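Each chain is listed here by its residues.
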Amino acid sequence: MAATESAPQPAHPNGSFTVTTAPPSGAAAPAQNEGAWPSTGDTDRPWLTFPPFPKPPPGVDLISFSDFKPTGIVLVPETADAEPEQVERDGLGIPTVALRVRHDLTSMDKRKRKKTRVGQDGTVRSAPWYEEWAEDENTRRMMGVVDPSVPRIDRLHQAAHDFKHGRPLHTNQELSHLWDRWRLFLGLISSMQPPASRKKHAAMRDALAAMAEAPADDDDDDEDEMPNARPPKAARVVVTNDEEGSPAQPPPNASKPVFTEEQRQQRREYFREVRDTRMDRFLNDPEKTVKIFLSGYYRDRGLSMAEKSCRDGPLLLGFFLNFLLRNRVFPECEKGLRKAVAITEQARTELLHCFVVCKAIPDLFSNGCELVYGTMTHSTVWLNTDAASSGEEDEPDAKRQKTDGLSEAAFLQAAVGQEPIEVIGADTVMKMEMDAKDVLVDADVNGEQPASVWATDIPSTASASAPAWGDPDVQSGEGVSWGEANAQWGAPEDASIWDTGAKTNALHDLLGPTVLPLTHTTGVIERSTRRIKSVTLPAVPPKGKNNGTFPPGSGPDAGAVERDLETRLARVVLIPWHEWDAHALADVKRPRILPASRGAVVSEENEGTDADTAAAEDGTAPPHNPFKDEITVLVTPTAAEQLMVGFGVEASWIQLAHVDPAVPIVVDEEEFLNPYAQNKKRIGGPGVPVAPSKYWYMEQVLNVLPSYHTEMVPLPTTEEVFGPNEV
């Protein structure tokens, strides 16, 4: 028998057997015979045989398995003065050791109550999901060894699967939706399931919990114990390409397009190529991909409008990217992954701060200037590109109204079926309103009460102490409130109840009795997206100097007014955004000058050099260049404290210009009563501008963008690739 082969154990006379940790020595081992361990001459290792069992050392008590009683883990109550990190101990006081591999939770662990946190004020709150994840995030590893020779796309699929393993994403529907959005953006999945309703989600969660808590049954042959089940209903699932958005639902009786096997194979190859392109885009430049997802993609899918998505998205991506770095899934692009992690840390602050900036601007100063000079952008916010491209601007109004009426009538007729209908146009409605007014006027002239006044059909049995609505005998309305017996329609009310009383301009609260409307008016009006370069808070007003006032007998001084503004308001310097019109539906558009603008401007990007040279020679101000020039916007100090350098703001930027003191400022009564009218005869604000100033104010803020904002250039749609008839 060779020394490397295992030999059977010799039989013991009492039925016991021999257990060894090493081959026996020549002195301790019995005589060699057939079936015994061979002797190797090693005397350093003991030769152990059981029984008899050795006695335990002094002071050590061994507990048999039948007498063992588990003591569990000691739970320390969370208090405000508790230590942040305590060593976990079991019931005997022995410190526990965290396992490197995370196992699936048992049914008892799943029924544990949710972890809580104690704040500094002693209040107990539920721990959010990201705090629970952060506790044991460093112990999470890949389920297998990462092989760098495996294609990186396969490694990305495996990393996404291992990242989700053990994380209770199914208990958080919004977080699960964000994770699916990220996987779809990367190309890991080709479509998303529509979000289930709350009731369905709760029923699904309860069913999963019941399945986890149910005892395991190894007998699969007993099919009679299965509850009565009916076959599932046929469901129609629409799989869409997320880059194209949700397609319009076809009518029920519409014929589906029929594709040949070659066309199906071509479409499958194209969709596979699109997914690979998305994954390569992430692996080649992780930083830019994360920027696009947390800015352009967020805005395109409406995720930037929800504060919860803006909070959870960067946190979720940060956990995933750190998981890739910790396991070294892509050692060839770790530098780009670290830059992407820095973008997620930046997005955690800036995405939520966009909501704060949106509430802070336009500020009180801009609103006050809008009330003084009137609105400049109400009629020019939305571009009528559809009408201009279709050539409908040359079509007569009567013909257009007739065509619209016919289309509406045909649409309604198709909706109601055979029932006769009649579409009433705007002219008919106006004529009906005029007829109703004439009836009321004739009734008042003849001393009759109109038939439409309430209380004409009140029965005679009504109580005299409770007059009906509109009773002419009770018109004082004093001490009457809604729901009382003497309440009546049309009783006089305080204007403060409906907030219809007179209001003071915000400029008066900020500047006092200022002469700004007499020294400045509106100049250049620009609609663009600009980046915040710097924010300067107002300086302390100098003592003993004039701050906006002027001596008696002299006229208002524009320079003194501007010096007074500098001491009261903050100055925000904005520069043009670095790029615009990245695609047809980009968030950042090319700067444009609005029709109400007054002043010299540069209309094209490459123009302005000759004009600047001529202005420098003449000593006049150069024309405003919306593509290159900086502007200084005045805001209140409270609003300036909320602004962050690098943010992008899309708004209408209105320049303050000096007025000609020789031309009187005239405001008619209609414009005074309605400063927001869109059919004003005058262009711009009151007064004639003669020279531009260096200060601007804003109106109608449309977008607030984070500093890392990057446009998402969409991939070609299915219609563009296969044609309109093969969608």
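Residues numbered from 1 in each chain as written. Predicted model: local features only at pLDDT ≥ 70, side-chain atom pairs only at ≥ 80, totals over all residues. Heavy atoms only, no water.

1. Notes on the overall build of the chain
Along the backbone of the chain there are 20 helices and eight strands. Out of the 727 residues belonging to the chain, those deemed buried represent 31%. Counting only carbon and sulfur atoms, one obtains 55% of the accessible surface of the chain, whose full area is about 48,100 Å². (Helix = DSSP H or I, 4+ residues; strand = E, 2+ residues; numbered from the N terminus. Buried < 20%, exposed > 50% of the residue type's maximum accessible area, 1.4 Å probe, protein only. Areas by Shrake-Rupley, 256 points an atom, 1.4 Å probe, with all protein chains shown as cover.)

2. A few points about the pairing of strand S8 (residues 689-705)
Pairing of strand S6 (residues 631-635) with S8, which is carried by two bridges, proceeds in the parallel orientation. Each residue of the ladder has a partner; that of threonine 632, found in S8, is tyrosine 695. In terms of strand pairing, strand S7 (residues 648-659) meets S8 through 10 bridges, oriented antiparallel. Paired with glycine 648 across the strands is leucine 705, a residue of S8. (Pairing = 2+ DSSP bridges.)

3. Quick word on the environment of valine 721
Within the secondary structure, valine 721 is located in helix H20 (residues 718-722). Look at valine 721 and you get partly exposed, because its relative accessible area is 38%. When neighbours within four sequence positions are excluded, valine 721 is seen to be in contact with Tyr270 and Pro716. (Contact = heavy atoms within 4.5 Å.)

4. Quick look at the nonpolar core
Trp182, Phe282, Phe320, Leu321 and Leu324 are the most contacted members of the largest nonpolar core, which has 49 residues in total. Those elements that provide at least two residues to this core are helix H2 (129-135), helix H3 (152-164), helix H4 (173-186), helix H6 (261-284), helix H7 (286-300), helix H8 (307-326) and helix H9 (334-360). Of all the elements, H8 adds the most residues to this core, at 10 residues. Residue contacts for phenylalanine 320: discarding those within four places in its chain leaves Leu156, Ala159, Ala160, Phe163, Trp179 and Trp182. With 20 residues, the next largest nonpolar core counts Val357, Val633, Val635 and Trp653 among its residues. (Core = buried A, V, L, I, M, F, W, Y, C linked by side-chain atoms within 4.5 Å.)

5. Quick notes on empty space enclosed by the protein
Going through the model one piece at a time under the given rule, you end up with one cavity of 30 Å³ or more. In this structure, the largest cavity occupies an estimated 60 Å³ of space. As for the largest cavity, its lining consists of Ile361, Ile532, Val572, Leu574, Val633, Val635, Leu643, Val649, Trp653 and Met698. Those elements that place two or more of their residues in the lining of the largest cavity are strand S4 (570-576), S6 and S7. (1 Å grid on protein atoms, 1.4 Å probe; cavity = no way out; pocket = protein on both sides within 12 Å on 5 of 7 lines; lining within 4 Å. Points joined across faces, edges and corners; volume = space filled by probe spheres on them.)

6. Observations regarding the environment of serine 534
Note that serine 534 resides in strand S3 (residues 520-536). Sequence separation of serine 534 and leucine 643 is 109 residues, and the distance between their C-alpha atoms is 9.4 Å. Once residues within four sequence positions are removed from consideration, serine 534 is found in contact with Arg571, Val572, Val573 and Val645.

7. Focus on the packing of aromatic side chains
Tallied over the entire structure, the rule returns 20 aromatic pairs. For the pair tryptophan 179 and phenylalanine 320, a centre-to-centre distance of 5.6 Å together with 65 degrees between the ring planes defines the contact as edge-to-face. One end of the pair, tryptophan 179, is in helix H4; the other, phenylalanine 320, is in helix H8, with 141 residues separating them in the sequence. Overall, tryptophan 179 belongs to the buried group, its relative accessible area being 1%. Note on phenylalanine 320: relative accessible area 0%, which makes it buried. Relative to tyrosine 297, the ring of phenylalanine 293 has its centre 5.2 Å away and its plane inclined at 20 degrees; by these criteria the two rings are stacked. Taken as a pair, phenylalanine 293 and tyrosine 297 lie in helix H7 at a separation of four residues, close to a single helical turn. Since its relative accessible area comes to 0%, tyrosine 297 is described here as buried. Seen from the ring of tryptophan 133, arginine 167 lies directly overhead, with NZ or CZ sitting 4.7 Å from the centre. (Phe/Tyr/Trp six-rings, centres within 6.5 Å; stacked < 30°, edge-to-face > 60°. Lys NZ or Arg CZ within 6 Å of the ring centre and 35° of its normal.)

8. Here we look at the pairing of S7
Taken residue by residue, a regular strand's side chains alternate between the two faces of the sheet. Most of S7 is tucked away: 11 of the 12 residues are buried. Where S3 lies against S7, 10 bridges are found, and the strand directions are antiparallel. For histidine 520, the partnering residue across the bridge sits in S7 and is histidine 658.

9. A few points about H7
Relative to the 21 Å expected for 15 residues at 1.5 Å per residue, H7 spans 20 Å between its end C-alpha atoms, a close match to the ideal helical length. Phenylalanine 293 marks where H7 bends most, by close to 35 degrees. The element H7 is extensively covered by neighbouring structure, given that 11 of its 15 residues are classed as buried. Among the structural elements, H4, H6, H8, H9 and S8 are those in contact with the buried residues of H7. Glycine 302 occupies a position one or two residues after H7 and carries a positive phi of about 80 degrees. (Expected span 1.5 Å × (residues − 1). Bend = angle between axes of the 7 residues up to and from the residue.)

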